[in-house]
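Working through the structure, step by step
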Amino acid sequence: MKDSIRQKLDLLVDRLEGIDRLLSSPEAGDDMAQFKKLSRERAEIEPVVACYGVFRRAENDLAEAEAMLNDPEMRDFAAAEITALKTRLPELEIALQTLLLPQDPDDGRSVLLEIRAGTGGDESALFAGDLARMYSRFAERRRWRVEILSANASELGGYREIICRIDGQDVYSQLKFESGGHRVQRVPETETQGRIHTSACTVAVMPEADEIGEVDLNPADLRIDTFRASGAGGQHINKTDSAVRVTHLPTGMVAECQDGRSQHANKAAALRVLAARIKDAQVRARQSAIASTRKSLIGSGDRSERIRTYNFPQGRVTDHRINLTLYKIAAIMDGDLDELLAALAREHQAEQLAELAAQ
């Protein structure tokens, strides 16, 4: 193990002992905010220290086994013990390094999922609808709740744009690598000559702010416009100015919502979307600062970057960031994203471990 990693682990051992002393002191309950903060820190550190304890005991066992090689009666036992420990120690070291990796503070959050049709006209809008269904089916498998905040349907079906809130445990940790350009290759239903068309959509996965107040939305910085919602006709046409558009003047970011039953509901939804977009910009700025010396392709989330191709004639889905191709497009479009998302998470972890080793 590198000395720098061992030093970090020794510091964590000392810190855990210090936290335990503070928590067991008679004054610990006087400041409940500080008590909760220390308790959370302890919960984060304790698994690392426990694993480090196992690692150090294995190191001591190895030293004792090597010393027993000089005893003829214990030599065979010692040799077997040494072989087992030399296999186990690297595994424990990798486990420790994984535990030391920085945690994304947004991993536990719910998300706002934004899908927009791009090049390809009506076919792109249909594909946006397919992607919305894919993520909804994946959310159902996870028992997450999906709420449509805003939807702009196209004439032939699908969406020009749809924004959903996906609420549940660790949603962002699962979906955060989905931001980017998604390309589809297939024969559209409107194609009479059987030619394959290529269309594209952009996907943005934004961690939701716990509260609107978490993002500084000064009312003086907001312009709120109301307008009459557009609809498919008939009884669904809104005859009042209930649709709301909110513009954040300092950044120029805009969010609008017209799907709610009232102007109040639409304003609340638009503010939620706007807060998530501003938080998303903050997250990207943080990621850019962290990756200033080495760009992480998996975590870049650049919406202009083509990240995945869905080729229906060949039945394949290819993620271009990790050169992974799966021939199970029907299952994936029905929400079976586990293999794909797990591969992305492993690649991201491998990048983090490489960075840690290089430090």
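In short, a report on the structure. (Residues numbered from 1 in each chain as written. Predicted model: local features only at pLDDT ≥ 70, side-chain atom pairs only at ≥ 80, totals over all residues. Heavy atoms only, no water.)

Let's talk about the overall build of the protein
Stated precisely, the cut-off is as follows: Helix and strand definitions follow DSSP, with helices as H or I runs of at least four residues and strands as E runs of at least two, each counted in order from the N terminus. With a 1.4 Å probe rolled over the protein chains alone, any residue whose accessible area is under 20% of its type maximum counts as buried; one over 50% counts as exposed, and the rest are partly exposed. Contacts between residues were defined by any pair of non-hydrogen atoms, one from each residue, lying within 4.5 Å. To be clear on the numbers: accessible area is Shrake-Rupley with a 1.4 Å probe, and residue cover counts the displayed protein chains and nothing else.
A tally of regular secondary structure across the protein gives eight helices and eleven strands. Counting across all 359 residues of the protein, residues that qualify as buried make up 40%. A sequence separation of at least 24 residues applies to 63% of the contacts in the protein between residues at least 6 apart. A total of about 19,500 Å² of accessible surface is found on the protein, and carbon and sulfur atoms cover 50% of it.

Here's the deal with the packing of helix H1 (residues 3–23) against helix H2 (residues 32–67)
Our working rule: Here the axes come from fitting lines to C-alpha atoms, over the contacting stretch only for helices, and the angles between their N-to-C directions go from 0 to 180 degrees. For classification purposes, an angle smaller than 35 degrees is called roughly parallel, one larger than 145 roughly antiparallel, one from 65 to 115 roughly perpendicular, and anything else oblique. Each crossing is labelled by how the near helix is turned from the far one, with a counterclockwise turn of less than a right angle marking it left-handed and a clockwise turn marking it right-handed. Gly falls in the polar group here, along with every residue not listed as nonpolar (Ala, Val, Leu, Ile, Met, Phe, Trp, Tyr, Cys, Pro) or charged (Asp, Glu, Lys, Arg).
Between H1 and H2, whose axes approach to 8 Å, the crossing angle comes to 135 degrees. By the angle between their axes, H1 is oblique relative to H2. Along this stretch, H1 crosses H2, giving a crossing that reads as left-handed. Here the contact of H1 with H2 is built from residues that sort into 14 nonpolar, one polar and nine charged.

Here's the deal with the packing of aromatic side chains
In this description, a pair of aromatic rings is defined by centroid distance and the angle of the planes. As a reminder, the rule being used: In this scheme Phe, Tyr and Trp rings, the latter by its six-membered ring, pair at centre separations within 6.5 Å, and the angle between planes marks the pair as stacked below 30 degrees, edge-to-face above 60, and tilted otherwise.
Tallied over the entire structure, the rule returns two aromatic pairs. Here the aromatic rings of Phe127 and Tyr310 are separated by 5.4 Å at their centres, their planes lie at 65 degrees, and the arrangement is edge-to-face. Remark: Tyr310 occurs in strand S9 (residues 306–311) and Phe127 occurs in helix H4 (residues 121–141); sequence separation between them is 183 residues. Comparing Phe127 with Tyr310, the two get one shared label, buried. A ring pair is formed by Phe138 and Trp144, whose centres lie 5.6 Å apart and whose planes are at 80 degrees; its orientation type is edge-to-face. Across the pair, exposure class does not vary: Phe138 and Trp144 are buried alike.

Overview of H4
Note the threshold: For a helix, the expected span equals 1.5 Å multiplied by the residue count minus one.
For H4, spanning 21 residues, the distance from its first C-alpha to its last is 31 Å, which sits close to the expected 30 Å at 1.5 Å a residue. Taken residue by residue, H4 has Glu123, Ser124, Ala125, Phe127, Ala128, Gly129, Leu131, Ala132, Met134, Tyr135, Phe138 and Ala139 as its buried positions.

What about unusual backbone geometry?
Although it is not a glycine, Arg143 adopts a positive phi angle of roughly 60 degrees. Residue placement: Arg143 occurs in the loop between H4 and strand S2 (145–153). Located in the positive-phi region is Asp170, a residue other than glycine, with phi close to 60 degrees. Under the relative-accessibility criterion, Asp170 is labelled partly exposed at 34%.

Digging into the sheet that holds S9
Just so we agree on the cut-off: Should DSSP find at least two bridges between two strands, the strands are taken to pair.
Strands sit in the order S2-S3-S1-S5-S4-S9-S10-S11 across an open sheet of eight strands; the sheet is mixed. A strand with exactly one partner marks an edge of an open sheet, and here the two such strands are S2 and strand S11 (324–326). Ignoring strand direction, the axes of neighbouring strands in this sheet form an average angle of 15 degrees. Pairing analysis gives seven bridges linking strand S4 (residues 180–186) to strand S5 (residues 197–207), with the strands arranged antiparallel. Counterpart to His182 in the pairing with S5 is Cys201. Its contacts with the sheet place H4 against strand S1 (111–117), S2, strand S3 (159–167), S4, S5 and S9, and it is angled at close to 110 degrees to S4.

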